[in-house]
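Coordinate inspection notes
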Amino acid sequence: MDTKIRDRVNMWLNGSFDEATKNEIKKLEAENPDELTEAFYRNLEFGTGGLRGIMGVGTNRINKYTIGMATQGYANYLKKTYPGGETRVAIAHDSRNNSRRFAEITANVMAANGIKVFLFESLRPTPELSFAIRHLGCQGGVVCTASHNPKEYNGYKAYWNDGGQLVPPHDKNVIAEVDKIASVDEVKWSLPAGQAGGSEDRVQLIGKDMDEAYWQMAKDLSVYPEVIARQHDLKIVYTPIHGTGIMLVPELLKRYGFTNVTIVEEQAKPDGNFPTVVYPNPEESEAMSIGLKKAKAIDADILLGTDPDADRVGIAVKDHKGNWVLVNGNQTAVLAFNYLIEARKSKGIARANDMVVKTIVTTDMINRIAKENNVTCYDVLTGFKWIAELIKEKESSENYIIGGEESYGLMVGSKLRDKDAVSAVAILSEMAAYEKNKGRSLFEKLIDLYVQYGFYKEHLISITKKGMRGQEEIAEMMESFRKNTPKSINGSPVVQLLDYELRRGKNPVTGEEWEIKLPKSNVLQFILEDGSKISARPSGTEPKIKFYFSVNTRLESAADFDKVSAELDQRIQSIITDLKL
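Here goes a summary of the coordinates provided.

Rules used in this analysis
Residue indices begin from 1 for each chain and proceed along its sequence in written order. The predicted origin of the model limits local features to residues at a pLDDT of at least 70 and limits the giving and counting of side-chain atom pairs to 80 or more, whereas totals for whole chains, interfaces and linings rest on all residues. Where side-chain values are given, they derive from all heavy atoms of the structure, hydrogens and water being excluded. Strands here are runs of E lasting at least two residues and helices are runs of H or I lasting at least four, both read from the DSSP assignment and numbered beginning at the N terminus. The span one expects for a helix is its residue count, reduced by one, times 1.5 Å. Any residue under 20% of the maximum accessible area for its type is buried, any over 50% is exposed, and the rest in between are partly exposed; the area is computed with a 1.4 Å probe on protein chains only. Relevant arc is that of directions from the helix axis to the C-beta atoms, nothing else. Any pair of residues with heavy atoms lying within 4.5 Å of one another is described as a contacting pair. We define the nonpolar core as a collection of buried residues of types Ala, Val, Leu, Ile, Met, Phe, Trp, Tyr and Cys that are connected through side-chain atoms lying within 4.5 Å of one another. Buriedness of a pocket was judged along seven lines, with at least five required to meet protein on both sides within 12 Å; pockets are open sets of points on a 1 Å grid over the protein atoms alone, cavities are sets where a 1.4 Å probe fits but cannot get out, and lining residues have an atom within 4 Å of a point. Grid points are joined across faces, edges and corners, and a volume is the space filled by probe spheres set on the points. As a working rule, the residues Ala, Val, Leu, Ile, Met, Phe, Trp, Tyr, Cys and Pro are called nonpolar, Asp, Glu, Lys and Arg charged, and the rest polar, with Gly in that last group. Should DSSP find at least two bridges between two strands, the strands are taken to pair. Only the contacting stretch of a helix is used when fitting its axis, a line to C-alpha atoms as for every element, and angles between N-to-C directions run 0 to 180 degrees. An angle below 35 degrees is read as roughly parallel, one above 145 as roughly antiparallel, one from 65 to 115 as roughly perpendicular, and any other as oblique. Two rings from Phe, Tyr or Trp (for Trp, the six-membered ring) form a pair when their centres sit within 6.5 Å of each other. Planes less than 30 degrees apart are called stacked, planes more than 60 degrees apart edge-to-face, and all others tilted. Only when the NZ atom of a Lys or the CZ atom of an Arg is both within 6 Å of the ring centre and within 35 degrees of the ring normal do we say a charge sits over the ring. Here a polar contact is recorded for every N or O atom pair within 3.5 Å, except that within protein the pair must consist of a potential hydrogen donor and a potential acceptor, and residues adjacent in sequence are included only if both atoms are side-chain atoms.

So, helix H18 (residues 470–483)
- Here H18 contains 14 residues, and its C-alpha end-to-end distance of 20 Å stays within 8% of the 20 Å for a straight helix at 1.5 Å per residue.
- By the burial criterion, the buried members of H18 are Gly-470, Ile-474, Met-478 and Phe-481. Buried positions in H18, seen along its axis, are confined to an arc of 70° and lie on one side of it.
- Of the surrounding secondary structure, the elements contacted by the buried residues of H18 are strand E21 (524–528), strand E22 (533–538) and strand E23 (544–553).

Observations concerning the nonpolar core
- Core analysis: the biggest nonpolar cluster contains 129 residues, and Tyr-214, Ile-302, Val-356, Ile-402 and Phe-549 have the highest contact counts within it.
- Top element by residues in this core is helix H16 (residues 421–437). It accounts for eleven residues.
- The contacts of Tyr-214, once residues within four sequence positions are left out, are Glu-128, Phe-131, Leu-248, Leu-416, Asp-420, Val-422 and Ser-423.
- With 49 residues, the next largest nonpolar core counts Ala-39, Val-117, Val-178 and Val-187 among its residues.

Quick notes on the layout of surface pockets
- For the second largest pocket, the calculated volume is near 460 Å³.
- Taken together, 22 residues make up the lining of the second largest pocket; nearest its centre are Asn-43, Thr-59, Met-69, Ile-181 and Ala-182.
- Of the residues in the lining of the second largest pocket, the class split is 13 nonpolar, six polar and three charged.

Concerning the sheet that holds strand E9 (residues 302–306)
- Here five strands make up an open sheet; going across it, the order is E8-E7-E9-E10-E11 and the pairing mixed. The sheet is open, and its two borders are formed by strand E8 (261–263) and strand E11 (324–327), each paired with just one other strand. With strand direction ignored, the average angle separating the axes of adjacent strands in the sheet is 20°.
- The sheet strands contacting H16 are strand E7 (236–239), E9 and strand E10 (313–318), and the helix crosses E9 at an angle near 170°.
- Across the sheet, helix H17 (residues 442–453) touches E9, E10 and E11, and the angle it forms with E10 is around 95°.

Observations regarding the packing of helix H2 (residues 19–31) against helix H3 (residues 33–40)
- At their nearest, the axes of H2 and H3 sit 6 Å apart, and the two run at 130° to each other. Taken together, H2 and H3 sit at an angle that is classed as oblique. Residues Ile-25, Leu-28, Glu-29 and Glu-31 of H2 form the contact with H3, whose own contacting residues are Pro-33, Glu-35, Leu-36 and Phe-40.
- Within the contact of H2 with H3, the residues separate by chemical class into five nonpolar, no polar and three charged.

Concerning empty space enclosed by the protein
- Tallying each qualifying case throughout the model produces five cavities of 30 Å³ or more.
- Quantified by volume, the largest cavity comes out at close to 60 Å³.
- As for the largest cavity, its lining consists of Leu-335, Asn-338, Tyr-339, Glu-342, Met-431, Tyr-434, Glu-435, Leu-442 and Lys-445.
- Sorting elements by how many residues they give to the lining of the largest cavity places helix H13 (residues 329–347) first, with four residues.
- In this structure, the second largest cavity occupies an estimated 50 Å³ of space.
- Lining the second largest cavity, in full, are Val-361, Thr-362, Thr-363, Asp-364, Glu-458, Lys-533, Ser-535, Tyr-548, Phe-549 and Ser-550.
- Listed by contribution, the elements that provide at least two residues to the lining of the second largest cavity are E22 and E23.
- Among the elements that make up the lining of the second largest cavity, the one with the highest residue count is E23 (three residues).

Remarks on the packing of aromatic side chains
- Scanning the entire structure with this criterion turns up 18 aromatic pairs.
- Both rings, one in Trp-12 and one in Tyr-65, keep their centres 5.7 Å apart while their planes meet at 75°; by these two values the pair is edge-to-face. With Trp-12 in helix H1 (residues 3–14) and Tyr-65 in helix H4 (residues 64–81), this residue pair connects regions lying 53 residues apart in the sequence. You'll find Trp-12 and Tyr-65 in the same group, each marked buried.
- Each ring, one from Phe-17 and one from Tyr-65, has its centre 4.6 Å from the other, and the planes form 65°; the classification is edge-to-face. Placement of the pair is Phe-17 in the loop between H1 and H2 and Tyr-65 in helix H4, with a sequence separation of 48 residues. A single burial state applies to Phe-17 and to Tyr-65, both of which are buried.
- Taken together, the aromatic side chains of Trp-12, Phe-17, Phe-40, Tyr-65 and Trp-189 make up a single cluster linked through ring pairs.
- Across from the ring centre of Trp-189, 5.6 Å away, lies the NZ or CZ of Lys-64, which sits over that ring.

Some points on the sheet that holds strand E12 (residues 354–359)
- On the basis of which strands lie adjacent, the open sheet formed by four strands has the order E13-E12-E14-E15 and mixed pairing. One side of each edge strand has no neighbouring strand; the edge strands of this open sheet are strand E13 (376–380) and strand E15 (409–412). Here the average twist between neighbouring strands, direction ignored, is 20°.
- Here E12 runs beside E13; their pairing, made up of five bridges, is parallel. If you follow Val-356 over to E13, its bridge partner there is Cys-377.
- Sitting on the sheet, helix H15 (residues 384–394) touches E12, E13, strand E14 (399–405) and E15, and the angle it makes with E14 is about 170°.

Considering the side chain of Thr-306
- With respect to the helices, strands and loops of the structure, Thr-306 is situated in strand E9.
- Here the side chain of Thr-306 touches Tyr-238 through a polar contact of 2.6 Å, side chain to side chain.
- Aside from chain neighbours lying at most four places away, what touches Thr-306 is Tyr-238, Thr-239, Pro-240, Ile-241, Gly-245, Pro-282, Arg-312, Val-313, Ala-421 and Val-425.

Describing the side chain of His-170
- Note that His-170 resides in helix H7 (residues 170–180).
- A distance of 3.2 Å separates a polar atom in the side chain of His-170 from a polar atom in the side chain of Trp-160.
- Residues contacting His-170, with those up to four places away along its chain left out, are Tyr-77 and Trp-160.

Considering the pairing of strand E4 (residues 140–144)
- In terms of residue burial, E4 counts as a mostly covered element, since five of its five residues are buried.
- Of the two faces of E4, the one carrying Gly-140, Val-142 and Cys-144 and the one carrying Gly-141 and Val-143 are both buried.
- In this structure, strand E2 (residues 88–93) lies alongside E4, joined through five bridges in parallel fashion. Looking across to E4, one finds that Ala-92 is bridged to Val-143.
- Where E4 and strand E5 (residues 153–160) come together, four bridges link them in antiparallel fashion. The partner of Gly-141 across the bridge, within E5, is Tyr-159.

Some details on the packing of helix H14 (residues 365–372) against H17
- Two elements in contact, H14 and H17, have axes separated by 11 Å at closest approach and are oriented at 70°. Judged by the angle between their axes, H14 and H17 are roughly perpendicular. Residue-level contacts link Met-365, Arg-368, Ile-369 and Glu-372 of H14 to Leu-449, Tyr-450 and Tyr-453 of H17.
- Residues that form the contact of H14 with H17 fall into these classes: five nonpolar, no polar and two charged.

Shown next, in the form of structure tokens:
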């Protein structure tokens, strides 16, 4: 074993760690030295999105000690930034194993540092945490969640006073403070019970009142309540996939006026083991399969599923042939953005300064729809924190309507600042009711939009590289693309190379160069002469590199949909083959 790893192991065996932790380390030493190496070969990185990792003992795992040290660093930064007066944070957690315990540890450490804590009394969706930060006037917040990762994972997302996740300069500053915590002995775990101003005085439980405020906010997002009144018996099937959505979604649908909602019982109970799925992710067909079965059985109009912390939403509807299909994140975003732009126009509530926001890897069909409707569309880096940051930058002069990203995230209205699957379920159901009222399905509406604006089709490949070599291999792949930029891909010349790490764009044909006015990010994009776009981006939270493909062409009529769809699929496959992925 490497001496650095051995030193870390010995520090835990001889330091201020509980006996159960030390016994587990000894067990790994005897029975699984490779696993011990994985658990200690590095410190789990507190990245710009916080912590995420496998639960277990060790410096490279999520446990009470890594959570405590991260919280101490974050608390130190909050106190430096807000030296006078009361500093407040809100804390929430999802349905994962140990999430409640980690949330309580976070609350205790914050309180021991003199910070006022609003801790949700039980599990709640991540978007409600973002809402609570703003509603309660907090300076920060934390949610203990690993979003849609497998059951072995947990995590810790840190927020700032606008309800968005940390962005510059706070992200790097918090990381620097967390990195300074060299030992668990530096963590203020709690103040002695009974001490004046002790931890128990500084932790206030919140719950029903915040739920009520959230429901009211989300209900106000409805554009066509009169249409819901006519289509109140729309057949909706909803699955929370063993997560937090069950706490808010059914009641919100009821308040919207929907009277025919079926909950997928097998997945209704919050359970960190996610017993019915491998990945609790509505992007995965396997996670939605029980819901699909139910939707078919009752001949539903729409199926909706949310991930464990209810910030991502997936939907399924019947296609133009009556077959049930899962709608991908780009298609869902196209439908939602278009609905709000169209509906606001029809209702006469559109404003000249309306704006929408998407990420650079989300379909450019949204840009086209916005442009044709005279609505400003901004592109930001991947991650909802950048959407939140742009709203903050523009809120005095522009009116934010909706933001979204291809990874099944939507945020309607600006009363919170993170992706919100709870309100999205309600708005998507309203959209289905609106189309049904016109005698058609959401899928038929999507095809109509393809005829109107062009047929855009997207595809995503994720390549996982685990272990110590994983990050190096991903870095090597990106470096190879930078050094050996292809002149053409699938026979179409590369007319733009966008390197967000260098913040430079270049036309390899003409040699023209320009600045990309976004923060640095390790993303490469190739724009081809035929309108295709390929993006390469290492994940910030998982040992993966993601390749995003987007192609488009004209669709003359709805009757040509199947033929043109197959042609676009073939173009994507040819690009993948040419890039040897």
